[in-house]
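Structure at a glance
Given next are the chains, with one letter for each unit.
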Amino acid sequence: MENVLDTYAQPYDERVPVLNMDEQPIQLLKETRQPIPATKSHPRRVDYEYERAGTASIFMFAEPLSGWRDVQVREHRTRVDWAVEMARLLRTRYRAAQRVILVCDNLNTHTMGAFYEAFPADEARELVRRLEIRYTPKHGSWLNVAENELSSMTRQCIGDRRFGSIEELSQETTAWALHSNENQRGVDWQFCIKDARVKLKSLYPKI
């Protein structure tokens, strides 16, 4: 936990950016009847009946110290899916970074070994050496800022809406991310290690 809190306490450094990531599954639902558009006299009307269209996984990436976030939608959230998304960022937004600090929860898909499943050994080695993972504690995943961003996106963009395809969901979540990047500042993290030792006493090991 100390590692995670120290991460947010440091000033923003583009050479060593701090990236948070989290994932969220979503059920895809198709309309069985054409919705009636909203008018001045009544809201948009949608029939209660729907058709299941499979599932998708939302990958949320957030850089709290600079106020940037990125949303990607994939069919699955396997180790390979995670590695491919991480490689995309390391090769584009973070191509000039000496190393990237990644804050995420300790799922079995979030491992350095995932890169070796997704890429040839030499490519995987090049990616792994630039990545430093800092896991959140088992009962403290809220220390991952990307989890807060997912919650905001769910309320503001997804809500009770129905998305019938990955393409439709991707289009809407991408628009949300772009709008948020243009209008929101970075995260002002106030929770420090001193406070954590008091408020999160139950999470610390008893020596």
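Every value quoted in this text rests on a predicted model; they were computed, and no experiment measured them.

All of the buried residues in helix 4 (residues 121–128) are A124, L127 and V128. With its buried residues spanning 95° around the axis, helix 4 presents them on a single face. Structurally, helix 4 contributes buried residues whose contacts are with helix 2 (79–91), helix 3 (113–118) and strand 5 (131–135).

Scanning all chains against the criterion turns up 13 salt bridges. Between R88 and E85 there is a salt bridge, and its shortest N-O distance comes to 2.9 Å. Of this pair, R88 and E85 both sit in helix 2, three residues apart, which is roughly one turn of the helix. The class for R88 is partly exposed, based on a relative accessible area of 27%. Judged by relative accessible area, E85 falls into the buried class, the value being 4%. Between E172 and R161 there is a salt bridge whose closest N-O contact spans 3.1 Å. You can see E172 sitting in helix 6 (residues 166–183) and its partner R161 sitting in the loop between helix 5 (145–158) and helix 6, a full eleven residues away along the chain. Here E172 falls in the partly exposed class, since its relative accessible area comes to 27%. Salt bridges here are not isolated pairs; linked through shared partners, they connect D70, R74, D81, E85 and R88.

On to the side chain of E149, then. One can find E149 in helix 5. A relative accessible area of 9% places E149 in the buried class. A distance of 3.1 Å separates polar atoms of two side chains, one belonging to E149 and the other to R69. Among all residues touching E149, those that are not within four sequence positions of it are M60, A62, R69 and W176.

Scoring rules and cut-offs
Residues numbered from 1 in each chain as written. Predicted model: local features only at pLDDT ≥ 70, side-chain atom pairs only at ≥ 80, totals over all residues. Heavy atoms only, no water. Buried < 20%, exposed > 50% of the residue type's maximum accessible area, 1.4 Å probe, protein only. Helix = DSSP H or I, 4+ residues; strand = E, 2+ residues; numbered from the N terminus. Arc of directions from axis to C-beta. Contact = heavy atoms within 4.5 Å. Salt bridge = Lys/Arg side-chain N within 4 Å of Asp/Glu carboxyl O. Polar contact = N/O pair within 3.5 Å; in protein donor to acceptor, adjacent residues only side chain to side chain.

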